[in-house]
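Structural overview for review
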Amino acid sequence: MAEVTGKQVVELKDVSKVYEGPAGDIHALREVNLTVGEGEFIGVRGPSGSGKSTLLNMITGIDRPSDGQITIAGQDIVGLNENQLARWRGKQVGVIFQFFQLLPTLTVIENIMLPMEFARAWKAKERPKRAMELLEQVDLADQAFKLPNTLSGGQLQRAAIARSLANDPPLVVADEPTGNLDSKTADRVFALFEGLVDRGVTFMMVTHDNSLAERFPRLLHVADGYLSDKNNGHKA
Ligand code: ADP
């Protein structure tokens, strides 16, 4: 496993999130404190509705906290406006969803290049080569010029992993990325995540899968908006 460097990638201080519901306020997160170091591999568990997605959405800036401070890779993201947040996210965070969210009218390789175009992070003529290298890393180069609807679930998730790495982000966050895959495919996708961590990426993922949860060096548990932290018995 890659070394944990001691540099902090994620820092949440007293983060709360309150949604207004028809039956009153919903406290999705309650004064959550969390520090994640560079190179950590973290699982997030908890019952449905406990606040796991809200936690990830705070870290990616997809949603904003009601209170508290959030610093990601040295950037205070609470003070950014929507445009700044979108640009920041495009470069600094890779996001992987349960249902892949590839654009159906673009080929696989075009989907991988899209975040590069958005972030203007690579020269236009370098993008196809870089996208192909990312597809090779997830063993999907032979599907590069196909449309997403011709791929299997496992292939789609591997494409989404390649896309999350498009701009070489220090942090990759995944919300139940194996939730829609059979166990063998889930295992293969999980091995890819382990490979990313070996290469120094900081990785956080929500999972419901008991057998996968045991494989995280650090496991966070969310219950009713509260966060508890458990070292999984591995070397931190
Ligand atoms: P989990 O990911 O653990 O299933 P969530 O973070 O999605 O939990 O949700 C935590 C709580 O916040 C739940 O009670 C949920 O209904 C509520 N919630 C989440 N998003 C919203 C929203 N956009 N508007 C209102 N309530 C929400």
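Here, the structure is the one placed above.
In this report, the structure presented in the accompanying data block is examined. (Residues numbered from 1 in each chain as written. Predicted model: local features only at pLDDT ≥ 70, side-chain atom pairs only at ≥ 80, totals over all residues. Heavy atoms only, no water.)

Digging into the environment of G51
- As for its position among the elements, G51 is in the loop between β3 (41–45) and α1 (52–60).
- Note on G51: relative accessible area 8%, which makes it buried.
- A C-alpha to C-alpha distance of 15 Å links G51 and G21, two positions 30 residues apart in sequence.
- Apart from the residues lying within four places of it in its own chain, the contact partners of G51 are A28, L29 and V222. (Helix = DSSP H or I, 4+ residues; strand = E, 2+ residues; numbered from the N terminus. Buried < 20%, exposed > 50% of the residue type's maximum accessible area, 1.4 Å probe, protein only. Contact = heavy atoms within 4.5 Å.)

Details of the nonpolar core
- Within the largest apolar cluster, 39 residues are counted, with the highest numbers of intra-cluster contacts made by L135, I161, F193, F203 and M205.
- Every element with two or more residues in this core is listed here: α3 (108–119), α4 (127–137), α5 (153–164), β7 (171–175), α6 (183–198), β8 (202–206) and α7 (210–213).
- Apart from residues no more than four positions distant in its own chain, F193 is found in contact with F41, I96, I161, P177, F203 and M205.
- Counting residues in hydrophobic clusters, the runner-up holds 28 residues, among them L12, L29, L56 and V222. (Core = buried A, V, L, I, M, F, W, Y, C linked by side-chain atoms within 4.5 Å.)

Considering the pairing of strand β1 (residues 8–21)
- Bridge count between β1 and strand β2 (residues 24–37): 10 bridges; the pairing is antiparallel. Paired with L12 across the bridge in β2 is L34.
- Direction of pairing for β1 relative to strand β4 (residues 67–72): antiparallel, over a ladder of 5 bridges. Looking across to β4, one finds that E11 is bridged to T71. (Pairing = 2+ DSSP bridges.)

Considering the site of the ligand
- The immediate surroundings of the ligand are formed by Y19, I26, A28, P47, S48, G49, S50, G51, K52, S53 and T54.
- In the model, an oxygen atom of the ligand is placed 3.0 Å from a nitrogen or oxygen of the G51 main chain.
- Contact between the ligand and K52: an oxygen atom at 2.7 Å from a side-chain N or O atom of the residue.
- When isolated, the ligand has an accessible area of 560 Å², and the protein chains bury 61% of it.
- At the level of elements, β2 and α1 are the ones that each hand at least two residues to the shell around the ligand.
- Residue contributions to the shell around the ligand peak at 3 residues, all from α1.
- Among the residues making up the shell around the ligand, the classes are represented as 4 nonpolar, 6 polar and 1 charged. (Near = heavy atom within 4 Å. Polar contact = N/O pair within 3.5 Å; in protein donor to acceptor, adjacent residues only side chain to side chain. Areas by Shrake-Rupley, 256 points an atom, 1.4 Å probe, with all protein chains shown as cover. Nonpolar A, V, L, I, M, F, W, Y, C, P; charged D, E, K, R; others polar.)

Regarding the pairing of β3
- Counting buried positions along β3 gives 4 out of 5 residues, so the element sits mostly inside the fold.
- Bridge count between β3 and β8: 4 bridges; the pairing is parallel. Bridging across to β8, V44 finds its partner in V206.
- Sheet topology note: the β3/strand β9 (residues 218–223) ladder contains 4 bridges and is parallel.

Quick notes on the side chain of N111
- Here N111 shows up in helix α3.
- The exposure class of N111 is buried, given its relative accessible area of 2%.
- Only 2.7 Å separates the side chain of N111 from the backbone nitrogen of L103, close enough to count as a polar contact.
- Not counting the four nearest positions on each side in its chain, N111 is found in contact with L102, L103, L106, P148 and R163.

A few points about unusual backbone geometry
- In the Ramachandran plot, E31 falls in the positive-phi region, its phi being about 45° despite a non-glycine side chain.
- Along the chain, E31 turns up in strand β2.
- Residue classification places E31 among the exposed residues on the basis of a relative accessible area of 57%.
- A positive phi angle is found at A73, which is not glycine, with a value near 45°.
- One can find A73 in the loop between β4 and β5 (75–76).

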